[in-house]
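Next come the chains, spelled out residue by residue.
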Amino acid sequence: MPSATELQTMYENMVTARHYEERLQEEYLEGKQPAFDISAGPIPGELHLAAGHEASGAGVCIHLRDDDTVTAPHRPHHVAIAKGVDLKRMTAEIFGRETGLCRGKGGHMHLFDPEVNFACSGIIAQGVPPAVGAAMAAKKRNTDAVAVAFLGEGAIDQGGFLESLNLASVHDLPVVFVVEDNDWAISMPKDRVTDVENGAQRADGFDLPGVRVDSDDALAVYDSAREAVGRARDGNGPTLLEVQVHRRMGHFMGDAEGYRPDEDVDRATHRDSITRLEADLAKYGVADEDVAELRSRAEERVEEAIEWAKDQPEPEPETAYEDVFTNPPAQGDAGVRGGEQ
Ligand SMILES: Cc1ncc(C[n+]2csc(CCOP(=O)(O)OP(=O)(O)O)c2C)c(N)n1
Ligand SMILES: [Mg+2]
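Residues numbered from 1 in each chain as written. Chains lettered and ligands numbered in written order. Predicted model: local features only at pLDDT ≥ 70, side-chain atom pairs only at ≥ 80, totals over all residues.

Let us look at the overall build of the protein chain. When its secondary structure is counted, the protein chain shows 10 helices and 9 strands. For the protein chain, whose C-alpha radius of gyration is 20 Å, the value lies close to the compact-globule estimate of 20 Å for 341 residues. Summarising its shape, the C-alpha atoms of the protein chain cover approximately 65 × 50 × 40 Å along the three principal directions. Residues counted as buried form 44% of the 341 residues belonging to the protein chain. Across the protein chain, the fraction of contacts at a sequence separation of at least 24, relative to all contacts at a separation of at least 6, is 72%. (Helix = DSSP H or I, 4+ residues; strand = E, 2+ residues; numbered from the N terminus. Rg over C-alpha atoms; globule rule 2.2 N^0.38 Å. Buried ≥ 20, exposed ≤ 12 C-beta atoms within 10 Å, placed from the backbone. Contact = placed C-beta atoms within 7 Å.)

Written as structure tokens, this is what we have:
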């Protein structure tokens with residue numbers, strides 16, 4: 001069980017993440033309506049919000065250090081916040097600003113913070129092999145750092161994920177795979193695309209421990225993640241951990257969710273891991289005023305980050321070809337090849 005201090009840290013991370021998503025939702029919609037214009041407004045491009053996933057990010061990352069590596073998928077904010085990614089620079093990235101983590105070129109699905117070894121990607125299961133690579137590097141360097149790869153349940157049939165399980169198991173690598181099961185992959189319900197109800201069963205074929213946490217209860221995630229991260233840190237190999245979470249919002253902003261039954265939306269709204277954790281905090285004897293203080297501190301931090309980000313300059317167009325793997329096409333080039341390196 002967590003200490004009262006750990007519980008408060010998890011709570012603060014969770015309310016920060018929830019408030020962040022709610023505020024980004026407001027900012028995102030600015031200028032995009034009435035006809036949904038994805039390029040308009042202060043946040044260009046797609047936006048996948050993770051409200052309902054908070055217990056997983058907070059309950060796992062509480063066990064991690066800055067030198068541990070985390071990779072996340074296209075729904076990354078709650079994990080990034082719990083891993084300690086710089087909130088101001090992350091927000092500037094989401095708003096496409098020059099001072100963003102990737103100088104405004106990556107957007108919300110491509111947040112890289114080397115200070116705390118965090119990366120994410122919009123390509124499903126993409127982060128899993130690099131997490132295995134980070135775990136292999138830690139092992140070869142004889143450090144006790146670990147790696148954690150977050151992915152959605154919609155990614156558990158991807159070849160890259162299955163190959164990663166095998167490699168991690170064969171080499172006994174210090175890595176934890178965390179599957180966030182929110183029952184949906186865009187509009188596709190889990191049972192139509194996957195043969196197992198419990199994604200942790202994928203571990204059986206690779207001879208590594210598979211554990212499922214059936215509810216988005218931060219305390220239960222804390223306990224299972226502690227064991228999994230501890231096993232990795234002690235040199236005892238990988239674990240696959242699946243956590244039941246809920247998607248409180250659409251797959252992405254602008255998703256009308258016409259495919260989703262009302263009862264499912266209701267269920268997601270009523271099973272709130274944050275309300276549950278508030279009840280746990282009371283049981284631990286944390287005073288209501290202290291909980292309110294954590295909440296208002298989190299909200300202030302989010303407001304500050306958004307205000308700061310919106311004030312940041314946009315990148316100059318000529319910087320588009322900086323920090324990329326290819327140079328601008330040479331003049332007269334049809335543009336299919338990169339220029340001379
Ligand atoms: C390799 C690849 N295939 C397809 C997509 C398109 N795509 C984006 S999100 C998504 C569903 C992901 O579902 P899940 O892994 O369950 O994550 P969730 O969105 O539910 O958090 C798909 C298929 C993609 N980004 N990458
Ligand atoms: Mg999903």
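The packing of two helices is summarised by the inter-axis angle and the distance between the axes. Direction vectors running N to C along helix H2 (residues 54–61) and helix H7 (residues 218–233) enclose 40 degrees, while the axes themselves pass 8 Å from each other. Between H2 and H7, the angle is such that the two are oblique. Once H2 is placed against H7, the crossing between them reads as right-handed. Counted together, Ala55, Ser56, Ala58, Gly59 and Val60 of H2 and Ala218, Val221, Tyr222 and Ala225 of H7 form the full contact between these two elements. (Axes fitted to C-alpha atoms, helices over the stretch in contact; angles between N-to-C directions. Parallel < 35°, antiparallel > 145°, perpendicular 65-115°, else oblique. Left-handed = near helix turned anticlockwise from the far one by under 90°.)

Another point: the nonpolar core. Among the nonpolar cores identified, the biggest contains 88 residues, and Val148 and Val175 are the most heavily contacted of them. When residues of this core are assigned to their parent elements, the largest contribution, 9 residues, is made by helix H1 (residues 4–29). For Val175, the residues in contact, after removing those within four places along its chain, are Ala131, Val132, Ala135, Val146, Ala147, Ala149, Ala168, Ala232 and Pro238. (Core = buried A, V, L, I, M, F, W, Y, C linked by C-beta atoms within 7 Å.)

A few words now on the site of ligand 1. Around ligand 1, a shell composed of 14 residues is seen, among which Ile124, Gly152, Gly154, Ala155 and Ala185 lie nearest. Residues of the shell around ligand 1, tallied by class, amount to 6 nonpolar, 6 polar and 2 charged. (Near = placed C-beta within 6 Å. Nonpolar A, V, L, I, M, F, W, Y, C, P; charged D, E, K, R; others polar.)

On to the sheet that holds strand E4 (residues 147–152), then. If you walk across this open sheet you meet the 7 strands as E2-E3-E1-E4-E5-E9-E8, and the pairing is mixed. Sheet topology places strand E2 (112–113) and strand E8 (210–213) at the edges, where each strand pairs with a single neighbour. Taken together, the 6 bridges between strand E5 (residues 175–181) and strand E9 (residues 239–244) define a ladder with parallel strand orientation. Across the sheet, Asp181 pairs through a bridge with Gln244, a residue of E9. (Pairing = 2+ DSSP bridges.)

Attention now moves to the confidence of the model for the protein chain. Across the protein chain, pLDDT averages 94, with 96% of residues at or above 70. Throughout residues 335–341 the model reports pLDDT below 50, and contacts reaching past four residues in sequence, or to other chains, amount to 11 contacts. (pLDDT = per-residue confidence, 0-100.)

Another aspect to go through is the pairing of E5. The side chains of a regular strand alternate between the sheet's two faces. Among the 7 residues that make up E5, 7 are buried, leaving the element largely enclosed by the rest of the structure. Burial of E5 is two-sided: the residues Val175, Phe177, Val179 and Asp181 facing one way and the residues Val176, Val178 and Glu180 facing the other way are all buried. Looking at chain direction, E4 and E5 are connected through 6 bridges and run parallel. Across the sheet, the residue bridging to Phe150 is Val178, located in E5. Remark: the E4/helix H6 (residues 159–170)/E5 crossover connection has right-handed handedness. (Right-handed = clockwise from strand over helix to strand, strands pointing away.)

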